[in-house]
Amino acid sequence: MSNAPSRFLVTARAPLTELPAWKRFVVAAQTCAARADELDLIEAPGLVLDASGQRHAPELLAAGEALLEARGFAEQRQRLLAGDEVNVTEHRAAWHTILRAPTAPTDVQAERERMDAWVRRADAERRWRHIVHVGIGGSDWGVRLAVSAFGYAGTWRDVRFVANIDGHAIEGGLAGLDPRDTLVVLVSKSFTTSETLENGARAREWLVAAGLDPADHLVAVTARPERARAWGIPEAQIFRLWDWVGGRFSIWSAVSLTTALSVGSDVLAGLRMGAAAMDAHFAQAPLLANAPVRMALAGIVNRSILGHGSLNIAPYDSRLANLVPYVQQLDMESLGKSVDLAGRPVGVPTGPAVWGMPGTDAQHTFFQWMHQGSDGAPVDFILCSQADHHWASHHRQLLANCLAQREALMRGKTLAQARAECLAEGLTPEQADWLAPHRVHPGGRPNHLIVLPRLSPYSLGALLALYEHRVFTQGVIWGIDPFDQWGVEYGKVLARGIAQALQPVASEARWDSALDTVAQTAATRPADRPSDHDASTCHWIAQLRG
Ligand code: F6P
């Protein structure tokens, strides 16, 4: 990893909205057709991206290329892939791509082999009927996604995920398990995350209560092995990741130990191969035939020019249900920022809210709003050509629903069409005039369709890397740091103080006086409030303490 200074990243770039290339891009997006009549397919490893449902025109594509050039995209992509500092506010690389590179550095390779050997031994010994995976955010979602994608019909090891600090999570996670055959996998890059350490502590107590030595049943995955050791986990059971791997990009590291124990190390190898192939495509494909780049340009149009505040992810495959929160964290933690690298406001709306649900459940939940609501949202439809189950008619209907929803969102239905439809159904002209407006669909809703030949580790790996690079490219265009997460830190700090304040008071007298103080200060003396909290927070601390 080079130590090249990041100064140029901070200072050399003009504010986005002042760039002639940005102004050209805006005009091109505003003047091109809202509805696509031409097929626009981009072939990438492991998948095909159909961008026909996005605004596209030769001038918009040319303006997009010019915009990327003006933002120094090629150089920044090179820095990302070379492991240079790209996380400017934290002075770090974000070198997740090296974790899946066919020839990884020795320490990465060694850790991969150590983990594979550990899993092989556990498999050979038929140990660990139960796995309790304890971790949150990036230390959780990727593993959940891979386990549910490839262990959908069940695996011989029963895997439970415990993320939330909510005591029900750990209670449910441990309920009914045989502690003698349970492995607790504690995953935390920082090994300071309170949810993970609290839940880990409960699991440790549970093991002790069963008369077991917790050291025999605990494994850690972390970038801070010394903290895991101090916590009581033996060296041989600590797997490493590195400071230069962001939490939300850590699926490619030993964070996926649970995946290997559950669905096999081969699945991890396949995920890495697919992602590496997408990395090569991202690095080499011409910009306009580059799937992550094209998705990023469409995302910028939809968010910053057309003003869409959210992006819907609609996987038409139940095995991909956890793709939604996975992309949600990846996208929103990365792009949920409004200042550029120089600390200036970006000047246009940035990362959208990401949400979704697998189809067809989504159709019966919120697609009404997508079709006829006043806002609607761009959609990423995802489907697999091959079903991998035996019920051909289910798959036919699933595909039909996906294509139909997409077509309806694109095509819409005019008032005249709706009226003609009503008349054809036998309504009187008056009835048709009244009902037709209710049946109008504005159409022209932007979407991508991503088609995987089948849900293999390779295609899922490629899909995840597609999203990673799409997010990175949008970060470059907006000029923000997509690798930090300062917004999460503030609430964490406040929570520590409030948790202290919520501790039980020592005596009734102190309790009464605490309530009096809080009530008084909240009601009458906000400026003199004894803590930094607002009146409502003070009120609820007093109410909920104990
Ligand atoms: O949500 C903030 C965050 O730092 C994520 O980026 C990360 O995935 C998660 O917390 C968990 O962090 P750790 O792996 O250090 O416990």
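Refer to the structure above for everything that follows.
Residues numbered from 1 in each chain as written. Predicted model: local features only at pLDDT ≥ 70, side-chain atom pairs only at ≥ 80, totals over all residues. Heavy atoms only, no water.

Draft legend 1. Structural detail: the environment of Gln30. Considering the arrangement of structural elements, one finds Gln30 in helix α2 (residues 20-31). Discounting chain neighbours no more than four positions away, the residues touching Gln30 are Arg55 and Ile305. (Helix = DSSP H or I, 4+ residues; strand = E, 2+ residues; numbered from the N terminus. Contact = heavy atoms within 4.5 Å.)

Draft legend 2. Focus on the site of the ligand. Near the ligand lie 13 residues; those nearest to it are Gly138, Ser188, Ser190, Thr193 and Glu333. Contact distances for the ligand include 2.6 Å between an oxygen atom and a side-chain N or O atom of Ser188. Between Thr193 and the ligand, the recorded distance is 2.5 Å, taken from a side-chain N or O atom to an oxygen atom. Protein chains shield 88% of the accessible area of the ligand, which is 390 Å² for the free molecule. With respect to the pocket detection grid, the ligand is positioned in the largest pocket. Those elements that provide at least two residues to the shell around the ligand are α14 (323-335) and α20 (486-501). Taken together, the residues of the shell around the ligand break down into 2 nonpolar, 8 polar and 3 charged. (Near = heavy atom within 4 Å. Polar contact = N/O pair within 3.5 Å; in protein donor to acceptor, adjacent residues only side chain to side chain. Areas by Shrake-Rupley, 256 points an atom, 1.4 Å probe, with all protein chains shown as cover. 1 Å grid on protein atoms, 1.4 Å probe; cavity = no way out; pocket = protein on both sides within 12 Å on 5 of 7 lines; lining within 4 Å. Sits in = over half its atoms within 2 Å of the grid points. Nonpolar A, V, L, I, M, F, W, Y, C, P; charged D, E, K, R; others polar.)

Draft legend 3. Main features of the packing of aromatic side chains. Per the stated rule, a full pass over the model turns up 14 aromatic pairs. Ring geometry for Phe282 against Phe472: centres 6.3 Å apart, planes inclined by 85°, an arrangement best described as edge-to-face. Residue Phe282 is found in helix α12 (residues 265-284), and its partner Phe472 is found in helix α19 (residues 457-478); the two are separated by 190 residues along the sequence. Since its relative accessible area comes to 4%, Phe472 is described here as buried. Seen from their ring centres, Trp355 and Trp369 are 5.6 Å apart, and the 75° between their planes marks the pair as edge-to-face. Of this pair, Trp355 sits in strand β11 (residues 353-356) while Trp369 sits in helix α15 (residues 367-372); the two residues are 14 residues apart in sequence, bridging distant segments of the chain. (Phe/Tyr/Trp six-rings, centres within 6.5 Å; stacked < 30°, edge-to-face > 60°. Buried < 20%, exposed > 50% of the residue type's maximum accessible area, 1.4 Å probe, protein only.)

Draft legend 4. Examining the sheet that holds strand β6 (residues 158-162) more closely. The 5 strands lie next to each other as β6-β5-β7-β8-β9, forming an open sheet whose pairing is parallel. With one partner strand each, in any of the chains shown, β6 and β9 (238-240) form the two edges of the open sheet. Neighbour-to-neighbour, the strand axes of the sheet open up by a mean angle of 20°, direction not taken into account. Here strand β7 (residues 182-187) pairs with strand β8 (residues 218-222) via 4 bridges, running parallel. Residue pairing across strands places Val185 opposite Val219, the latter belonging to β8. Contacting β5 (130-134) and β6, helix α8 (residues 167-174) runs over the sheet at an angle of about 170° to β6. (Pairing = 2+ DSSP bridges. Axes fitted to C-alpha atoms, helices over the stretch in contact; angles between N-to-C directions.)

Draft legend 5. Local environment of the pattern of salt bridges. Per the stated rule, a full pass over the model turns up 29 salt bridges. The partner of Glu205 in a salt bridge is Arg202, and the shortest N-O contact between them spans 2.8 Å. Of the two residues, Glu205 and Arg202 are both situated in helix α9 (residues 194-209); the distance of 3 residues between them amounts to about one turn of the helix. For Lys492, the salt bridge is made with Glu489, and the minimal N-O distance between the two is 3.6 Å. Note that Lys492 and Glu489 are positioned in helix α20 at a spacing of 3 residues, about one turn of the helix. Given a relative accessible area of 29%, Glu489 falls into the partly exposed group. (Salt bridge = Lys/Arg side-chain N within 4 Å of Asp/Glu carboxyl O.)

Draft legend 6. Highlighting the sheet that holds β11. Taken in spatial order, the 6 strands make up an open sheet running β1-β2-β13-β12-β10-β11, and their pairing is mixed. At either margin of the open sheet sits one strand with a lone partner, and together these are β1 (41-44) and β11. Averaged over all adjacent pairs, the angle separating strand axes in this sheet is 20°, with direction ignored. As judged from the 3 bridges shared by strand β2 (residues 47-50) and strand β13 (residues 447-452), these two strands associate in the antiparallel manner. Note on β13: the bridge partner recorded for Leu49 is Ile450. Sitting on the sheet, helix α16 (residues 392-411) is in contact with β2, β12 (379-384) and β13, with an inclination near 160° to β12.

Draft legend 7. Region of interest: the nonpolar core. Grouped together as the largest cluster of nonpolar side chains are 107 residues, with contacts concentrated most on Trp22, Phe25 and Ile450. Element by element, the count of residues in this core is highest for α19, at 12 residues. Ignoring any residue separated from it by four or fewer positions in sequence, one finds Ile450 in contact with Leu47, Val48, Leu49, Met295, Phe381, Ile382, Leu383, Leu463, Leu466 and Tyr467. Val134, Ile170, Trp231 and Ile238 belong to the second-largest nonpolar core, a separate cluster that totals 19 residues. (Core = buried A, V, L, I, M, F, W, Y, C linked by side-chain atoms within 4.5 Å.)

Draft legend 8. Examining unusual backbone geometry more closely. Residue Thr360 follows Gly359 across a cis peptide bond; omega there is 10°. With respect to the helices and strands, Thr360 occurs in the loop between β11 and α15. The backbone of Arg126 sits at a positive phi, close to 50°, despite the residue not being glycine. A relative accessible area of 55% places Arg126 in the exposed class. A positive phi angle is found at Trp128, which is not glycine, with a value near 65°. The residue Trp128 is located in the loop between α6 (106-124) and β5 in this model. With a relative accessible area of 3%, Trp128 lands in the buried category.

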